[in-house]
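# Geometric and topological summary
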Amino acid sequence: MDIATKSIRSLPNGKTLDDLIMRETREVSLAVMNDEELYQWELENLFGMGWNLLGHESEIPDANDYVVRPMGEDLVIVARDRQGQIHVSLNVCPHRGMRVALGEEGNAPAHKCIYHGWAFRPNGDFIGAPVEKEQMHGGLCSKAELGLKKARIELYGGLIFATWNHDGPSFEEYLGDAKFYFDMLWKRTDNGLEVLGAPQKVSIDCNWKCSGEQSGGDGFHTLSLHRWLIEAGLFRSDGDDPTDLAPAMYGINVSANGHNARCIPIEGTFDIAKKMDASKMSLEDRLYKLAPPGIHKELVPQLQKHLSQEQIELLVKSPPQVGGIFPNLNFLFVYAPQPDGEVLGAMAIHIIVPKGPHRSEFWTWMFTEKDTPEETKEKMLRNAVQQVGTSGLIEQDDTDTWPHISLASRGYKGRKDMTLKYQAILGESKPEGWPGGGKVFAGFSKDDTQWEWWEAYYAAMNKTYD
Amino acid sequence: MTNLAVEKPDNLAPHTDRIPVGSPLYNQIVEHLYDEAALLDTLDLRTWQKSFTEDILYQAPVQITGRKSERLPKKRQMMHLFENYFSMEMRIHKVHDTAVCWAEEPRSRTRRLITNIRAWKTETENELSVVSYFLIPRNRFESNEYQILSGERQDRFRLIDGELKLARRNIILDMSVLSMPNLAIFL
Ligand code: FES
Ligand SMILES: [Fe+2]
């Protein structure tokens, strides 16, 4: 978006988006982590009118299965009907505001509000109120008007996204140039992915953007906050000193519409892959020996069917390993090809859920390919739980960092004068013959894609809805 | 769709006779659990590790709020912890031997309160089934609040040369959204 575009909205304290997000100097006021009005505005513009990840279709495999999920602070019912269709409706009773589905998950042909008994179908339609002959839903609204509020839904590689913006851009338009890269992760086999279980959930005392801006890609923090990866010898290091900068910092970062993917050579990231001496392998060889997590050898031909030659080449050389979908989704694909040919590793998706200016929930789903052999699935679950999510050795260090930033934004001086800085600029540069679109930043991972996240934030917030 | 029930770590021999409260074996179990709590609270994890068997399985399933009248959608059981001896060694190494485990550096203050201890013999000789409750307040930095976890441990101990060794621990947490931002502590 053009830097000349100016903020059309301001907060009650007079501050505009331009006061908070300083695009000339690539700084963001720390006040964004604290402001209650800005937070309310985010609930509308980002979580209400933007696309939100709610889960994966494999979480509700049967008719009438449902899960209750957050869209910002709104809870919605994500349910499968008898025809197999998935629907998303607001979990708030149109009668007097009670929560309708009480579980986090369940299976119900009808959702009956426990307060006065109004009932709704899995697609949100109003069935009726008890004592039909007395017409307890009154005479002013028709039954058609009394259903649960329905969201617009999109299934992408089995992932369920929804928005309240019924006339806005399609999900595909929303992904834009990022789709080419994301298809390599979520749309590469006949039967696609399945969850390894319900999401893990933890509560964190921080503003959601402390984690949200991380979904813009922050390669740099790996060297310090995730130092353990290097000390434990899991990340490749080239020098004699095992704590040398990991080659994993070099790669190709891609950004489109605030979404991003870090494409890093596998053998430049994980020590285990380096030992396989991948430089001498043919493309075919690499497909089998350095396959993505969960892609067992029987599934390799499917990759060739679903992906273009260009995507395959990227997948075996510099696959997207970390990235995010704006505004609050973060993904991580950990490669762990085994010397005996078994393909382990971890596939995880996080969302950060806003729960007030200084409280959030952090959710983690773990995935496998649906057609990965059973024993491998169990091992992948172990692998994933041990590395990412609640107790993950890699990710346990992220979550307790964020509350400090939130706390700092509450101080008078902190919120008045301090800024988040994204001034390490690599700049756009596309390697020869690079197959994908978007803004491409090749080299040492710097602040570029994270800054693009803030540009997307600015663009999405600089709109009014009525 | 797979539906792997891992409510219990694996098919363990059913328990048989209750070990009466106050009996010498019961007292030995209580002493062991108290000592274990002290080792964990003081981060003496290398000593703690010596009390595992090598085939230890240590796990904490994710809890889901469901309704009595409904079944849950079928899917695999997700875990917060899903550990074996090898991964426990990695965890212990990280928090005990490195200075870069930022989730516990500076370390949190914890107090493992272990109560309601019930014990049984099992059909496997020398294998004891022990259930206990725990309450763990965790405090970090200068917070004036505790992050609290309560729950139940379902343990299998083996008596080896008169000493109790932990072979299985299944941890039933009382929260579906954990009050802690991470589980960098052992339960
Ligand atoms: S609030 Fe739901 S039936 Fe009255
Ligand atoms: Fe991180």
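Owing to the predicted nature of the structure, the values given are computational and were not obtained by experimental measurement.

Here we come to the overall build of chain A. On a plain count of helices and strands, chain A comes out with 16 helices and 22 strands. Radius of gyration (C-alpha) of chain A: 23 Å, near the 23 Å computed for a compact globule of 466 residues. Principal-axis analysis of the C-alpha atoms gives chain A an extent of 80 × 55 × 35 Å. Across the 466 residues of chain A, 62% fall into the buried class. A separation threshold of at least 6 residues defines the contact pool for chain A, and within that pool the share at least 24 residues apart is 65%. For chain A, the accessible surface area stands at approximately 17700 Å², while carbon and sulfur atoms represent 51% of it. Across chain A, 48 positive and 67 negative side-chain charges occur, with their mean positions spaced 3 Å apart.

Residue and element names in this part refer to chain A. Of the protein atoms, only H221 (NE2), H226 (NE2), D398 (OD) and D398 (OD) coordinate the iron ion (ligand 2), at distances of 2.1 to 2.6 Å. Coordination geometry of the iron ion (ligand 2): the 4 donor atoms subtend angles of 54 to 156 degrees at the metal centre, consistent with an arrangement described as irregular. Positions of the donor residues of the iron ion (ligand 2), expressed as sequence spacing, correspond to H-x4-H-x171-D. Of this pair, H226 sits in the loop between α6 (221–224) and α7 (227–231) while D398 sits in helix α13 (residues 396–399), and the two are 172 residues apart along the sequence. Just as H226 is buried, D398 falls in that class too.

Taken residue by residue, the interface counts 50 residues in chain A and 45 residues in chain B. A buried area of about 4400 Å², summed over both sides, lies between chain A and chain B, and 55% of it is on carbon and sulfur atoms. Contact with chain B buries area across many residues of chain A, yet E104(A), R382(A) and D400(A) alone supply 13% of it, more than any other trio. On the surface where chain A and chain B come into contact, there are 8 salt bridges. Of the residues forming the side of chain A that touches chain B, the biggest block, 7 residues, is contributed by helix α12 (residues 374–387) of chain A. For the side of chain A that touches chain B, the per-class residue count stands at 19 nonpolar, 14 polar and 17 charged.

On to the sheet that holds strand β10 (residues 126–128) of chain A, then. Residues and elements named next belong to chain A. Pairing in this open sheet of 3 strands is antiparallel, and the strands run β8-β9-β10 from one edge to the other. One side of each edge strand has no neighbouring strand; the edge strands of this open sheet are β8 (111–112) and β10. Across 2 bridges, the pairing between strand β9 (residues 119–120) and β10 is antiparallel. Residue pairing in the sheet places A119 in a bridge with G128 of β10.

What follows concerns the sheet that holds strand β1 (residues 21–22) of chain A. The strand order β1-β2-β21 (chain A) describes an open sheet built from 3 strands, whose pairing is antiparallel. At either end of the open sheet lies a strand with only one pairing partner, and these are β1 and β21 (419–421) of chain A.

All names here are of chain A. Splitting chain A by domain gives domain 1 (52–164) and domain 2 (177–461). Placing a centre on the C-alpha atoms of domain 1 and another on those of domain 2 gives a separation of 33 Å. Counting residues at the interface gives 18 residues for domain 1, matched by 23 residues for domain 2. Taken together, both faces of the contact between domain 1 and domain 2 bury some 1600 Å²; the carbon and sulfur share is 66%. At the junction of domain 1 and domain 2, the tally comes to 1 salt bridge.

All names here are of chain B. Assignment of secondary structure puts S143 in the loop between β6 (127–139) and β7 (147–160). On the basis of relative accessibility, which here comes to 37%, the residue S143 falls in the partly exposed class. C-alpha of S143 to C-alpha of T53: the two residues are 90 residues apart in sequence and 37 Å apart in space. A distance of 3.0 Å separates a polar atom in the side chain of S143 from the backbone nitrogen of E145.

All names here are of chain A. With their axes 9 Å apart at the nearest point, helix α2 (residues 36–48) and helix α16 (residues 448–461) run at an angle of 85 degrees to one another. Judged by the inter-axis angle, α2 sits roughly perpendicular to α16. Here L38, W41, E42, N45 and L46 of α2 lie close against α16, whose contacting residues are Y457, A460 and M461. Within the contact of α2 with α16, the residues separate by chemical class into 6 nonpolar, 1 polar and 1 charged.

Residue and element names in this part refer to chain A. In this fold, E452 is placed in helix α16. Classification of E452 as buried rests on a relative accessible area of 16%. Contact partners of E452, with chain neighbours within four places excluded, come to S255, G258, K439 and F441.

For the rest of this paragraph, the subject is a nonpolar patch on the surface. Taken together, the side chains of L113(B), L135(B), Y146(B) and I148(B) make up a nonpolar region of the molecular surface, amounting to roughly 380 Å² of accessible area. Its relative accessible area of 35% is what places L135(B) among the partly exposed residues.

This part takes up the pairing of strand β4 (residues 65–71) of chain A. All names here are of chain A. Extensive coverage of β4 is indicated by the burial of 7 of its 7 residues. Along β4, one buried face is formed by D65, V67, R69 and M71 and the opposite face, lined by Y66, V68 and P70, is buried too. A loop of 2 residues connects β4 with strand β5 (residues 74–80), the two strands running antiparallel in sequence, and G72 in this loop sits at a positive phi of about 65 degrees.

Reading the values: rules and limits
- Residues numbered from 1 in each chain as written.
- Chains lettered and ligands numbered in written order.
- Predicted model: local features only at pLDDT ≥ 70, side-chain atom pairs only at ≥ 80, totals over all residues.
- Heavy atoms only, no water.
- Helix = DSSP H or I, 4+ residues; strand = E, 2+ residues; numbered from the N terminus.
- Rg over C-alpha atoms; globule rule 2.2 N^0.38 Å.
- Buried < 20%, exposed > 50% of the residue type's maximum accessible area, 1.4 Å probe, protein only.
- Contact = heavy atoms within 4.5 Å.
- Areas by Shrake-Rupley, 256 points an atom, 1.4 Å probe, with all protein chains shown as cover.
- Lys, Arg positive; Asp, Glu negative; His and termini not counted.
- Charge placed at Lys NZ, Arg CZ, Asp CG, Glu CD.
- Donors = N, O, S within 2.8 Å, 3.2 Å for Na, K, Ca; no water.
- Tetrahedral: all angles 85-135°; square planar, octahedral: opposite > 155°, others 65-115°.
- Buried area = accessible area lost by both parts, 1.4 Å probe.
- Salt bridge = Lys/Arg side-chain N within 4 Å of Asp/Glu carboxyl O.
- Nonpolar A, V, L, I, M, F, W, Y, C, P; charged D, E, K, R; others polar.
- Pairing = 2+ DSSP bridges.
- Domains from an automatic or database assignment.
- Polar contact = N/O pair within 3.5 Å; in protein donor to acceptor, adjacent residues only side chain to side chain.
- Axes fitted to C-alpha atoms, helices over the stretch in contact; angles between N-to-C directions.
- Parallel < 35°, antiparallel > 145°, perpendicular 65-115°, else oblique.
- Patch = residues over 30% accessible without salt bridge, like charges linked within 9 Å, V, L, I, M, F, W, Y side chains within 5 Å.

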